Amino acid sequence: MANISVLIVEDEEFFAIEVQDILEKLGYGVSGVASTGEDAVKMTEDKHPDLVLMDIVLKGEMDGVMAAEQIHERLDIPVIYLTGLTGDQITERAKITEPFGYILKPFQERELHVAIEIALYRHAMERKLREIGEERERHLNDLERMNKLMIGRELKMEELKKDNERLKKKIEELKSKI
């Protein structure tokens, strides 16, 4: 797990330190701590962590949901929300960003560990499925091209057969004139 890096996005310094300690105790590396949505996006672009733990309420113009949306769209890095917010409006906004988890504060160490492992596994499987889908698409395109070539060759063969028949008739006509 030491090679798994996690970016913590949390504007409460004490809580960020607590999360960092827990992650390190669990064997994860911490690639950094961001306290604003803007910093979260920038640090994610710069450091490419394996996973982002994202608080929703952050300092600055961009909240955690907006930051998670940008990270999801641009970088394909899984995000787990780690927040104290439970309102329906927030949950609906968060769902749109397709998070890999939603953990309510306060949380248990084991809960965080399980959520991270499930998120990393799910992300790896989704990536594998995308790759398989892309490979399947390439194979289908190759088959379609081959099919078109075969149809083209079959049409040429039909034309050659017709030409051959015409030539045979002409030869027969010429022979009959001789």
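The preceding data block contains the structure.
Residues numbered from 1 in each chain as written. Predicted model: local features only at pLDDT ≥ 70, side-chain atom pairs only at ≥ 80, totals over all residues. Heavy atoms only, no water.

Asks: Is there a simple way to think about the overall build of the chain in this case?
Replies: When you go through the chain residue by residue, the secondary structure sums to five helices and five strands. Taken from the N to the C terminus, the helices and strands of the chain come in the order β-α-β-α-β-α-β-α-β-α. Relative to a compact globule of 178 residues, whose C-alpha radius of gyration would be 16 Å, the chain shows 30 Å and is clearly more extended. Structurally, the chain occupies a C-alpha span of about 110 × 35 × 30 Å along its principal axes. Taking all 178 residues of the chain together, 34% fall into the buried category. A separation threshold of at least 6 residues defines the contact pool for the chain, and within that pool the share at least 24 residues apart is 63%. Averaging the positions of the 27 positive and the 38 negative side-chain charges in the chain gives two centres separated by 16 Å. (Helix = DSSP H or I, 4+ residues; strand = E, 2+ residues; numbered from the N terminus. Rg over C-alpha atoms; globule rule 2.2 N^0.38 Å. Buried < 20%, exposed > 50% of the residue type's maximum accessible area, 1.4 Å probe, protein only. Contact = heavy atoms within 4.5 Å. Lys, Arg positive; Asp, Glu negative; His and termini not counted. Charge placed at Lys NZ, Arg CZ, Asp CG, Glu CD.)

Asks: Explanation requested: unusual backbone geometry in the structure shown.
Replies: The phi torsion of most residues other than glycine is negative, and most of the peptide bonds are trans. Omega for the peptide link from lysine 105 to proline 106 comes to -10 degrees, which places this bond in the cis form. Position of proline 106 relative to the elements: it lies in the loop between strand S5 (101-104) and helix H5 (109-177). In this structure, histidine 48 takes a positive phi of about 45 degrees despite not being glycine. Mapped onto the fold, histidine 48 is located in the loop between helix H2 (37-47) and strand S3 (51-54). Backbone geometry at glutamate 98 places phi at a positive 55 degrees, although glycine is not the residue there. In this fold, glutamate 98 is placed in the loop between helix H4 (88-96) and S5.

Asks: Honestly, the packing of H2 against helix H3 (residues 64-75) in this entry has me stumped. Any pointers?
Replies: Each pair of packed helices can be described by the angle between their axes along with the distance between the axes. Across the interface, H2 lies against H3 with an axial gap of 9 Å and an inter-helix angle of 20 degrees. The pairing of H2 with H3 is recorded here as roughly parallel in orientation. Between H2 and H3 lies a crossing of right-handed hand. In this structure, H2 contributes Gly37, Ala40, Val41, Thr44 and Glu45 to the contact, and H3 contributes Ala67, Gln70, Ile71, Arg74 and Leu75. (Axes fitted to C-alpha atoms, helices over the stretch in contact; angles between N-to-C directions. Parallel < 35°, antiparallel > 145°, perpendicular 65-115°, else oblique. Left-handed = near helix turned anticlockwise from the far one by under 90°.)

Asks: Just to check I follow, could you spell out a nonpolar patch on the surface for this structure?
Replies: A surface patch of nonpolar side chains, amounting to about 290 Å² of accessible area, comprises Leu140, Leu143 and Met146. With respect to the secondary-structure elements, methionine 146 resides in helix H5. (Patch = residues over 30% accessible without salt bridge, like charges linked within 9 Å, V, L, I, M, F, W, Y side chains within 5 Å. Areas by Shrake-Rupley, 256 points an atom, 1.4 Å probe, with all protein chains shown as cover. Salt bridge = Lys/Arg side-chain N within 4 Å of Asp/Glu carboxyl O.)

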